[in-house]
Every structure is written in structure tokens, then in C-alpha cells.
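# Breakdown of the fold
Read off the chains here:
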Amino acid sequence: MNKTIEANFAAAYRIPDCTRLDYTDVDEAESACRLLVALMQRTPAHRRRDVAAADSRAVEREAKTWLERIAVAAPALHCHLRLKALGGYDTLYRLTYPSAPVGAVATACRTDAFEARIRGDLRVDETELATALSAPACVPDERQARWLASTTDSLIRRLARYSGFRSMPLAQALKAARYLLERNLHAFTPSQDAFKERLSRLCLAQLTSLADLDSATLQSALTFVRAAKNRFIDDNTAFRLETELLHRLTDREDLPPLAREAHTLDLEYLLSDESQIVQRQKLNPK
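Residues numbered from 1 in each chain as written. Predicted model: local features only at pLDDT ≥ 70, side-chain atom pairs only at ≥ 80, totals over all residues. Heavy atoms only, no water.

## Thoughts on the overall build of the chain
- Assigned secondary structure in the chain consists of 14 helices and zero strands.
- Counted from the first residue to the last, the chain has its helices and strands arranged as α-α-α-α-α-α-α-α-α-α-α-α-α-α.
- The C-alpha atoms of the chain give a radius of gyration of 19 Å, which matches the 19 Å a tight globule of 286 residues would have.
- Counting only C-alpha atoms, the chain reaches 60 × 55 × 35 Å along its principal axes.
- A separation threshold of at least 6 residues defines the contact pool for the chain, and within that pool the share at least 24 residues apart is 66%. (Helix = DSSP H or I, 4+ residues; strand = E, 2+ residues; numbered from the N terminus. Rg over C-alpha atoms; globule rule 2.2 N^0.38 Å. Contact = heavy atoms within 4.5 Å.)

Written out as C-alpha cells, the structure reads:
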């Protein structure tokens, strides 16, 4: 590609220079991954909405650099930090390469985090670990599968009633709710759809005043809304919440700049969806 054209693409979007990232800073590494995923959605191979195109060559180059360097840096991190740093690894890999992730970086992370958790290391978040063990690329061994089933059953019991939301921080409850919405729960409940609809209503009851929520809770709320929309909460509510959550996250000074940029791109992407025009008109009548 012509260097002038590539420079124009780079000027249109802030493509992170992944050779200059501090991969031991988990927030920075995770934010860069999040931004790269948002940018990948704008490359010709993945663009599905009317947003400006991003330069495939530049984005893929930085994505490959991120994947290579996080694989080198990750083993030096404690496993609970690795879980966070590698949270978007599989997604970015699948967007960058036409295949499932290869190599031992994610597998070693899941194994180490599992062993630490069952030894009592509560720094390893149970929902993050359950999510990692449920990833498409993961095949849990017998011990991991038993722990995963037990943890899933425990989360269902804790979040089946409103009182369960008072037993844990809201950010944690919303993260757990998102995990349950994305899992097949036929083995755990007579009607998983009925349970998920009730769980979604309980979560929505916690989100009546977004202005009072900290950044971690706003981000957990966003992942919950995205898991529940089109299935367990109506379109208008989902669009209103996702829009407001993204607006608030783009302004949070305690988030890394790359994270705010990713949320800004996600907001633009959401508002560009033609199927949301009717909802926007209903929410903002002239």
C-alpha cells in the first residue's frame, strides 16, 4: 500500500504501536487488545456496518505484534493477571489468523490459574477462570470439568434471587450473570431460558442509576447487556443501556487512553447500525 494512503488510514484511526507497549502493565496490554479488536471490525474482511474502513495491513501488523509479545510476557505475570491480560487473546487471534489459536500460552494460563484457585488463591477470579475454561479452544480435563460444573451450579444458586446480588460486589455479579447467559445450562436448571430471563430482570434492576457506578461496574454492565440483548432484554432497553454505558466509559479518566478509544469506536459502531435507527428515533423523538 502507498505510504501516503497508509498514513491517512492511521490518521483516521488511532492504531496502537504494539512495539512500544508495556506488556507487564496488564491494563495497558488488555486495552490495546480491546482497541485492536474494535479496529479489526473496521477492516474490509470484517466490516459489516457503514463505518470508515481501517487499514488491514497496519491493524493486522500490530495485532500480530501484540499476540507475539503478550505470549512472551505472559509467563512472567501471576496467573490472575495473565487471565486478565489474555482475556481477548482468542478473539484477536481468530480475527487476525484464519484458524483457531495455537501454542501453549492460553492453555498454560488456564492450567496455572486453575491450580492456584483450587489451592485457595482468591486473587484468581472464579468467573474469569470459568469463562476461560469454557472457551471454544479449551478442552477441560476431568478435574477442571468438575470444578467448572460446581462453580456454574453455585453461581446459579447465588444469583437466582435478588438477595444474591447483595452477597457480592455488583461488578462481580454482573460478570457472573454474563457468564451464565453465555453458557448452556440445560444440565443445571429445568428451563434455562426462564432462568436467564429472570436473571436478566434482576440485573436490570441494579442498573437504574448508571451515574453512581464505578468504571469496573460499568464495564461489567456492558458485557452483561451485550450478552443479554436480542434474547433476554428488549431492543429499546438494550440499545439505551449500551449507548449510555459506552458514553460514560469514553469519559472515564481512570481508564487507560486505549480503553477509552476502544469504547469510542464501539459507540460509533453501535450508532452506525441501521437496524437501530427506529430505536434511536423512539428514544429521541423530534
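So, next bit.
## What to know about unusual backbone geometry
- One non-glycine residue, N230, lies in the positive phi region at around 70°.
- By the element assignment, N230 lies in the loop between α11 (215-228) and α12 (235-250).

## Re the side chain of S220
- Mapped onto the elements of the fold, S220 is located in helix α11.
- Setting aside chain neighbours within four positions, we find S220 in contact with A171, L174 and K175.

## Focus: the side chain of Q192
- As for its placement among the helices and strands, Q192 is situated in helix α10 (residues 192-204).
- Residue Q192 is classed as buried on the basis of its relative accessible area of 11%.
- The contact partners of Q192, leaving out residues within four places of it in the chain, are R183, N184, L185 and H186. (Buried < 20%, exposed > 50% of the residue type's maximum accessible area, 1.4 Å probe, protein only.)

## Regarding the state of the cysteines
- With the rule as written, the count across this model stands at zero disulfides.
- This cysteine, C33, is not joined by any disulfide, and C18 carries the nearest cysteine sulfur, 9.0 Å off.
- When its relative accessible area of 3% is taken as the criterion, C33 is described as buried. (Disulfide = S-S within 2.5 Å.)

## Quick look at the pattern of salt bridges
- All told, the structure shown has 19 salt bridges when counted by the stated rule.
- The closest approach of N and O atoms between E62 and R61, which form a salt bridge, is 3.5 Å.
- Linking E128 and K175 is a salt bridge whose minimum nitrogen-to-oxygen distance equals 3.1 Å. In this pair, E128 sits in helix α7 (residues 126-133) while K175 sits in helix α9 (residues 170-181), placing the two residues 47 residues apart along the sequence.
- Beyond isolated ion pairs, a larger network of salt bridges with shared partners links R226, K229, E242 and D266. (Salt bridge = Lys/Arg side-chain N within 4 Å of Asp/Glu carboxyl O.)

## Re the environment of L155
- Topologically, L155 is positioned in helix α8 (residues 142-159).
- A C-alpha to C-alpha distance of 13 Å links L155 and D125, two positions 30 residues apart in sequence.
- Ignoring anything within four residues of it in the chain, the contact list for L155 reads E126, T127, A176, Y179 and L180.

## Quick word on the nonpolar core
- Ranked by internal contacts, the top residues of the largest apolar core, which has 89 residues, are W66, L92, L180, L199 and F224.
- Here this core gets ten residues from one element, more than from any other, and that element is helix α2 (residues 26-40).
- Beyond its immediate sequence surroundings of up to four residues, L92 is in contact with C33, L36, V37, M40, A63, W66 and L67. (Core = buried A, V, L, I, M, F, W, Y, C linked by side-chain atoms within 4.5 Å.)

## Let's talk about the environment of F165
- Relative to the elements of secondary structure, F165 occurs in the loop between α8 and α9.
- Residues within four places of F165 in sequence aside, it is in contact with L159, L170, A173, L199, L202, C203 and Q206.

## Structural notes on the confidence of the model for the chain
- Here the chain shows a mean pLDDT of 89. Residues at 70 or above account for 91%.
- Between residues 1-11, whose pLDDT stays under 50, and residues either more than four places distant or in other chains, the model counts eleven contacts. (pLDDT = per-residue confidence, 0-100.)

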